Every structure is written in structure tokens, then in C-alpha cells.
Amino acid sequence: MIKSPTILAVGGAYIERRGRVAGAFVAAASNPGTMREHVGGAVFNALRYAVRRGASAALLSVRGGDALGDTVLRAVTEAGVADLSAVFLDRATPSHTMLIDSDGGLIAGLADMVLYELALPKQIRRAKVREAIGSADAVLCDANLPSTALERLAALAAGKPVFALAVSPNKAARLTPVLDRLAMAFMNRHEAGVLAGVQIDQGIVDGLRRAGLKSGVITAGDEPVLGFDELSAFSISPPPLQKRTDAAGAGDALAGATIAALLRGLTLRAALREGVAAAMLAVEGAALTGAGFAEALALVPEARDWYEVRPGIAEA
């Protein structure tokens, strides 16, 4: 029997709330709409998809000793993930609340993540974490960790692949001190621009390589997904959607499925096709079953070589 790859994930697992306004948004007023709540967080979302694609997983996060913390624990358990998280009885469980307009555009968001800042750096020093890293095949983290915690984690994981999620343009810069120690980073165009120190679409891959990143994946909504390593770069165009329920979490699904495929030994080009298929199912709100995934993967085109758009070089 082939042993499934084991991933230790360190980062956010929190309550996500999405309020959708019905009709036109009116500032400084009560707006009718709907509110949905679920357990998310970049690293936890990605980990769930990695597990669905055959990986074994453990999660180190922090949460409060409140009812929301119990909700997070249930979601972690139901996902088939071993929980190594610490509970702080006197703290509130982190949450992210978003208000979106009727077209799905973000109006405003509120991230209550102070517990991560206070507690995650100390948690990484626990002996249990060192033991978990020692038995894992790879480490997955997100930029909800402060830079000091990311540096500590990268040092402990020396010799094992470390995958990172940029999370947001504001937090992406936290990855800068460890870029040269990452096996791969997953980011959108805005986050990539922060890490590369260049304007979007102006030598982004060269900028990321100069910053020390050996391999990465850059998403851009419905536009082609860009993957690169030290020697080459390529793009994969997402297939047309049958329906669209919610694009939130699509990038995390892509990361989780891609990482699981890489740990099974697939090349980056083949692994990223699996990631694109998982993202498509996430946006369509479809279950990631074996048959459904195979059908989605069959719709994903092969990768095409990609070149930076700069004088004398055009995109393939």
C-alpha cells in the first residue's frame, strides 16, 4: 500500500462571515441582505483540499475558548485533520467578516486576528511542533503568521519542502524574509507584486526570482494561472465555468490540490492542472468526488510556455 504524503499546516483556521447586500449599497445605513458563516482560513481551506486529494494532515493553529472555537474544532475534525491547535480560554476565536455588494464585489472587511499575532510565534516553539515537523513530508503555512514565526518555522523545517500562501497584499510582505527557503508560494497578482517589488505584470516572475523565490503560482481570477520554477514559466487557462456560486476559496483549493499532487511526485505543470480543476469545482460549488474531479481535470488544457512581457519578448 502506498503511504499518503503527510502535511503539517500552520496558520489560520477561523470563522468567515460573508454578508451580501440585496440591491444597491447605501453607506452609513442599515442595508437588507443575507449573512453566511463557515469555518475557513487560507491554510485550513488549502489543507482540506489536500486531504480530499489523498494527503494526510495535521493543523497547528490557535483559537479561543468560546462557542466559535468549538465550531472550528468540529470543522477540523470533520475534515479528517489531526488538531494540534492551542486553545486560549480568555480569548475570542479569530474571525474575518466581509460585506459584499449584490455583484459579489467587496465593500469592506474586518479581520479580528489579534490572537495569531500574540500566540502563534510561541506555539511554534512547542516540542510537539518539532515532532510533527519531523514526521511530516512537507510543511504548509500562511502569512497569518508574523514574520518571526515564519522564520522560526522555516528553520525547523530545514530539509523539507515548505509551501506558503500569501493570504493578502497587506500580509504578503511577511513572507519576504523566508522566500529563499520556500519550495513554493501561492499568491494572486497583487500579492505577487508586493513580494516582487514591481508593478503588476511588469517582470513579475523575474522580480520574484530576484527576491529569492524558486517556484511559485500566481492566480488572476478567471485569467490564466501562471506557474514558474527556476528554469521555466508556463500558464494554464481555466476552462469556462458551468455556473458560478462563489469564488471565495478558489485560490486555496488550487493550492491544496496542487501541493497534494506535487507530493505524489507529479511535475509542477501536471500538478497545477489538478489545482485548476479543484479551483473550478470550488467556484461552481461542486463536491470534489473522484468522478467529478476526473471530469473537471479533463476540461483543463495543457500548460503553455510563458514569457515575461518586456522589450523584445512577447507572451507565447
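Residues numbered from 1 in each chain as written. Predicted model: local features only at pLDDT ≥ 70, side-chain atom pairs only at ≥ 80, totals over all residues. Heavy atoms only, no water.

Side note on the pattern of salt bridges
Taken as a whole, this structure holds 10 salt bridges when the rule is applied. For Asp 83, the salt bridge is made with Arg 63, and the minimal N-O distance between the two is 2.9 Å. Residue Asp 83 is located in strand β6 (residues 82–83), and its partner Arg 63 is located in strand β5 (residues 62–64); the two are separated by 20 residues in the primary sequence. Asp 83 sits in the partly exposed class, given a relative accessible area of 27%. Residue Glu 117 is joined to Arg 174 by a salt bridge in which the shortest nitrogen-to-oxygen separation is 2.7 Å. Placement of the pair is Glu 117 in helix α3 (residues 114–123) and Arg 174 in the loop between α6 (169–172) and β12 (184–188), with a sequence separation of 57 residues. For Arg 174, a relative accessible area of 18% translates into the label buried. Three or more residues are tied together by salt bridges with common partners; here these are Arg 53, Arg 264 and Glu 274. (Salt bridge = Lys/Arg side-chain N within 4 Å of Asp/Glu carboxyl O. Helix = DSSP H or I, 4+ residues; strand = E, 2+ residues; numbered from the N terminus. Buried < 20%, exposed > 50% of the residue type's maximum accessible area, 1.4 Å probe, protein only.)

A closer look at the environment of Ala 287
Tracing the chain through its elements places Ala 287 in the loop between α10 (268–284) and α11 (290–299). In this structure Ala 287 comes out as exposed when scored by relative accessible area, which is 54%.

Re the sheet that holds strand β8 (residues 95–100)
Taking strand neighbours across the sheet as the criterion, the 4 strands line up as β3-β2-β8-β9 in an open arrangement whose pairing is mixed. Each of the sheet's edge strands pairs with one partner strand only, and the pair in question is β3 (33–40) and β9 (106–112). Each neighbouring strand pair of the sheet contributes to a mean axis angle of 15 degrees, computed without reference to strand direction. Pairing of strand β2 (residues 14–21) with β3 involves 8 bridges; the strand directions are antiparallel. If you follow Gly 19 over to β3, its bridge partner there is Met 35. (Pairing = 2+ DSSP bridges. Axes fitted to C-alpha atoms, helices over the stretch in contact; angles between N-to-C directions.)

Considerations on the pairing of strand β4 (residues 56–60)
By the criterion of burial, β4 is predominantly enclosed, with 4 of the 5 residues buried. In this structure, β4 lies alongside β6, joined through 2 bridges in parallel fashion. What sits directly across from Ala 58, in β6, is Ala 82.

Thoughts on the side chain of Arg 17
Here Arg 17 shows up in strand β2. On the accessibility criterion, Arg 17 (19% relative accessible area) is buried. Within the structure, the side chain of Arg 17 is placed 3.4 Å from the side chain of Ser 95, a separation counted as a polar contact. In terms of polar contacts, Arg 17 uses its side chain to reach the side chain of Thr 97, at 3.2 Å. (Polar contact = N/O pair within 3.5 Å; in protein donor to acceptor, adjacent residues only side chain to side chain.)

With respect to the packing of aromatic side chains
Applying the stated rule across the entire model yields 1 aromatic pair. Judged by centre distance (6.3 Å) and plane angle (55 degrees), the ring pair of Tyr 14 and Tyr 116 falls under tilted. In this pair, Tyr 14 sits in strand β2 while Tyr 116 sits in helix α3, placing the two residues 102 residues apart along the sequence. The class of Tyr 14 is buried, set by a relative accessible area of 6%. Stacked on the ring of Phe 293, the Lys or Arg Arg 53 has its end atom at 3.7 Å from the ring centre. (Phe/Tyr/Trp six-rings, centres within 6.5 Å; stacked < 30°, edge-to-face > 60°. Lys NZ or Arg CZ within 6 Å of the ring centre and 35° of its normal.)

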